[in-house]
Amino acid sequence: MTEKRFMAGNEAIAEAAIQAGCRFYFGYPITPQNEICEYMSMRLPEVGGTFLQAESEVAAIYMTFGAAGTGARVMTSSSSPGISLMQEGISYIAAAELPCVIVNMMRGGPGLGGIHPSQADYFQATKGGGHGDYHLLVLAPHTAQEAVNLTMLAFDLADKYRNPVMVLGDGNMGQMMEPVEFPPPAKTEFSKKEWNLDGARNRPRHLIKTLYLDPPVLEKRNLAIAHKLGEAVKNEVRFESFMVDDADVVIGAYGTVARIAKTAIKLLRENGVKAGLLRPISLYPFPYQQFAKVAESGKKILVVEMSLGQMFQDVQLAVCGKTKVNFYSRVGGVVPGYDEIVREVEKTAKESG
Amino acid sequence: MEVVYERPKSLFPVATHYCPGCGHGIIHRLVAEVIDELEIREKTVAVAPVGCAVLLYNYLDVDCYEAAHGRAPAIATGCKRVHPDLVVFTYQGDGDFAAIGTAEAIHVAARGEKITTVFVNNAIYGMTAGQMAPTTLIGQKSTTTPAGRKPETAGFPIRMCEIVATLPGAAYVARVSVSSPKNVVQAKKAIRKAFETQMRGLGYSLVEVLSQCPTNWHMTPFESVKWVDEKMALYYPLGEFKVPKEE
Amino acid sequence: MTGKIVINEDFCKGCALCVNACPQKLLKTAKHVSKTSYHPAEFVDAEGKCTGCGLCALICPDVAIQVFRDRKAGGEKK
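Residues numbered from 1 in each chain as written. Chains lettered and ligands numbered in written order. Predicted model: local features only at pLDDT ≥ 70, side-chain atom pairs only at ≥ 80, totals over all residues. Heavy atoms only, no water.

Q: I would appreciate a short explanation of the overall build of chain C in the present structure.
A: Looking only at helices and strands, chain C features two helices and four strands. For chain C, the α and β elements follow one another from N to C terminus as β-α-β-β-α-β. The buried share among the 78 residues of chain C stands at 46%. Sequence-distant contacts in chain C: of pairs separated by 6 or more residues, those separated by 24 or more amount to 58%. (Helix = DSSP H or I, 4+ residues; strand = E, 2+ residues; numbered from the N terminus. Buried < 20%, exposed > 50% of the residue type's maximum accessible area, 1.4 Å probe, protein only. Contact = heavy atoms within 4.5 Å.)

Below is the structure:
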């Protein structure tokens, strides 16, 4: 570990990408993640990399596609409406099995929505988002330090699974300043792959395509991608279990909300209410088994999100009716206060069976 | 007797899926000949479009991307920025370059991206079987302009070369056709110049090729090349719109 | 005879653009049907008029024509 630096989440993510060997960034400004673009425009030239401000998020994701096709480490970032624009390209990247990292610092929607923190893109991030059968691997940090670690991990996972990986934060996390430290820099030469495009010199030419007009062939492609993602589901579930063992009520929350929940849990325990937190770190793959275990042990669950019941559905799937799952949310850029979470946990604790 | 003309090496020895008389086959061949003559097969990356030419990579023996509709210039940009030493070109139809991908088309030129675009303008949507293109001529019938394109409702055809030539980032801009052996010779010269412009690092290069689509124009191949000369070339004049300044 | 061409019937789709391009009118559309179900172009040069000019190959969309030329007979090299 190196010395500690005091950085906003957006800048920490950008620096982490560079430390992970990312030398190419294509993006289009949108609040609340402009600091990622700005930081990259300043830092990438210092390390011999390329920053390019695209003409749109659509162009940015396809520039990312083009760079990913060479095997280079590449990242783009945006916020909700911009990520919606990128969905076509994300589907193509997933179909072409190219590694890249996409950061979404979520803001309130739908439509133009607002510029304040939200978690309303959970479905879009975890269930596919664009057309066709695919998933992104989705990582949701809850501190700036974790954003650093997960951004670096995102590049490794993208390479390992040849799949786009999304770092899913929110406007709050992007703006909040915290001390962070960076693990030692990774290697920076990533362009030699079995499939990458760099000119067919002394080898048969390589082709990156997503069109398969013969249905059985396309079916096989779909199944291959599904099989690969199945491996990720087996190996890449990440979560934090915080004071769950003796808890009566377990909060299910991720990202910024999980962080607020931790404050609420401390207060609740001071008042004698045994609360805990099961925090998905990977939203895809989702820690279904861990929520199932909580349900089987007879604990009550309260899901808190900044969206109208999106992760809630995954928790319900996990517990399969074995325990009651309560739900609380604030949306549109309103962040739930710890006092609101305290109140909802107390309510849940008092409910019979 | 010796062979004075044969198939270029960069072209796979296979028959194409194109309709009889279609200009794509000629244009593919010219690109392959230029790649062979410049000896750049091992450093060329092609970006195929969506449309009839999506299967370009079945014919051209170079590293290839298959793009989404209109996005080829963005993909080419991503590739070229990683490997400035490669020769990267997009091959795009009129829907790809002048409708769904206009933003990418204009901005790749505005940035002076050191790539080349071979833009095939046949004034119709071929692959989807004959709908109006952004370059469909006034009065021209298509399946979505059954009474002929009327400017009051369907607007006017776009002259991409003239637009792109206004951008400082564009270094070489030319319009050619493949309607006759003479025009084919000119077309090849332009494609070669465009690649050389890229290789010299001078900026963006664009060659618009007026091409025949006998099937969707409901003409014989012979009638269709005459239509290119007599109708298309009137609205889309052939020639060089911008050439690099010689040092 | 200073030139000749060879047509690859597997590639030719019978568009006949070469028929129109030949200055000596040595090409025509064949009566027979090729393996790929087209009437291919046919080269008939009983009098040895072909100069190997290659205009047919230039206009051929299917790269189906190979052109030969006899250098001794004054055909110039490209």
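Past the structure itself, the notes keep going.
Q: Looking at this model, I keep getting lost on the sheet that holds strand 6 (residues 137-139) of chain A. Mind explaining?
A: Across a sheet, paired strands are connected by hydrogen bonds in the backbone, their directions being either parallel or antiparallel. Residue and element names in this part refer to chain A. One open sheet holds the seven strands; their spatial order is 3-2-4-5-7-6-13, and the pairing between them is mixed. Either end of the sheet is taken by a strand with one partner, and the two such strands are strand 3 (50-53) and strand 13 (282-284). Going from strand to strand, the sheet's axes swing by 20° on average, the running direction of each strand aside. Sheet contacts for helix 3 (residues 57-68): strand 2 (24-27), strand 3, strand 4 (74-78) and strand 5 (100-106); angle to strand 4, the most-contacted strand, approximately 165°. (Pairing = 2+ DSSP bridges. Axes fitted to C-alpha atoms, helices over the stretch in contact; angles between N-to-C directions.)

Q: In this structure, what is going on with the state of the cysteines? I would like to understand it.
A: Simply put, the disulfide is a covalent bond whose two ends are the sulfur atoms of two cysteines. Residue and element names in this part refer to chain B. By the definition in use, this model includes zero disulfides over all chains. No disulfide involves Cys-52; its nearest neighbouring cysteine sulfur is the one of Cys-213, lying 6.4 Å away. In this structure Cys-79 is a free cysteine whose sulfur lies 11 Å from that of Cys-64, the closest cysteine sulfur available. We classify Cys-79 as buried; its relative accessible area is 0%. (Disulfide = S-S within 2.5 Å.)

Q: Even after reading the chapter, I still don't get the packing of aromatic side chains, so can you show me in this structure?
A: Both the distance between ring centres and the angle between the ring planes are used here to describe each pair of aromatic rings. This model, assessed by the stated rule, comprises 14 aromatic pairs over all chains. An aromatic cluster is present here, built from Tyr62(A), Phe65(A), Tyr92(A) and Tyr65(B) joined pairwise through their rings. Just above the ring of Phe68(C) sits the side chain of Lys4(C); from NZ or CZ to the centre is 5.0 Å. (Phe/Tyr/Trp six-rings, centres within 6.5 Å; stacked < 30°, edge-to-face > 60°. Lys NZ or Arg CZ within 6 Å of the ring centre and 35° of its normal.)

Q: Where do I start with the nonpolar core in this structure?
A: Nonpolar side chains tend toward joint burial in soluble globular proteins. One finds Phe65(A) and Met75(A) to be the most contacted residues of the largest nonpolar core, which totals 126 residues. The two domains that each donate at least three residues to this core are domain 1 (5-235) and domain 2 (240-350) of chain A. Grouped together as the second largest cluster of nonpolar side chains are 64 residues, Ile40(B), Val54(B), Ala187(B) and Cys60(C) included. (Core = buried A, V, L, I, M, F, W, Y, C linked by side-chain atoms within 4.5 Å. Domains from an automatic or database assignment.)

Q: I tried to follow the pattern of salt bridges on my own but got confused; where do I start?
A: Two side chains bearing opposite charge may form a pair once their charged atoms approach each other closely. Per the stated rule, a full pass over the model turns up 40 salt bridges over all chains. Between Arg111(B) and Glu55(A) there is a salt bridge; the shortest N-O distance is 3.0 Å. Of this pair, Arg111(B) sits in the loop between helix 4 (102-110) and strand 5 (116-121) while Glu55(A) sits in the loop between strand 3 and helix 3, on two different chains. The partner of Glu33(B) in a salt bridge is Arg29(B), with the nearest N and O atoms 3.3 Å apart. Placement of both Glu33(B) and Arg29(B) in helix 1 (residues 23-37) is noted, with a separation of four residues, approximately one turn of the helix. If you follow the salt bridges from partner to partner, you end up with Arg29(B), Glu33(B), Glu37(B), Lys188(B), Arg192(B) and Glu196(B) in one network. (Salt bridge = Lys/Arg side-chain N within 4 Å of Asp/Glu carboxyl O.)

Q: Whenever I open this one, the interface of chain B and chain A confuses me. Can you help?
A: Interface size is commonly expressed as the accessible surface area that is lost when the partners come together. Listed as interface residues are 34 residues of chain B and, on the opposing side, 32 residues of chain A. One can count three salt bridges joining chain B with chain A. For the salt bridge of Asp63(B) with Arg203(A), the shortest nitrogen-to-oxygen distance reads 2.6 Å. If you look at where chain B meets chain A, you find 17 residue pairs in polar contact (both at pLDDT 80 or more). Secondary structure elements with two or more residues in the side of chain B that touches chain A: strand 2 (44-48), strand 3 (63-66), helix 2 (72-82) and helix 4 of chain B. It is helix 2 of chain B that contributes the most residues to the side of chain B that touches chain A, seven residues altogether. Each residue belonging to the side of chain B that touches chain A can be placed in one class, and the counts come to 17 nonpolar, six polar and eleven charged. Where strand 9 (residues 207-208) of chain A meets strand 3 of chain B, two bridges bridge the pair, whose relative direction is parallel. (Polar contact = N/O pair within 3.5 Å; in protein donor to acceptor, adjacent residues only side chain to side chain. Nonpolar A, V, L, I, M, F, W, Y, C, P; charged D, E, K, R; others polar.)

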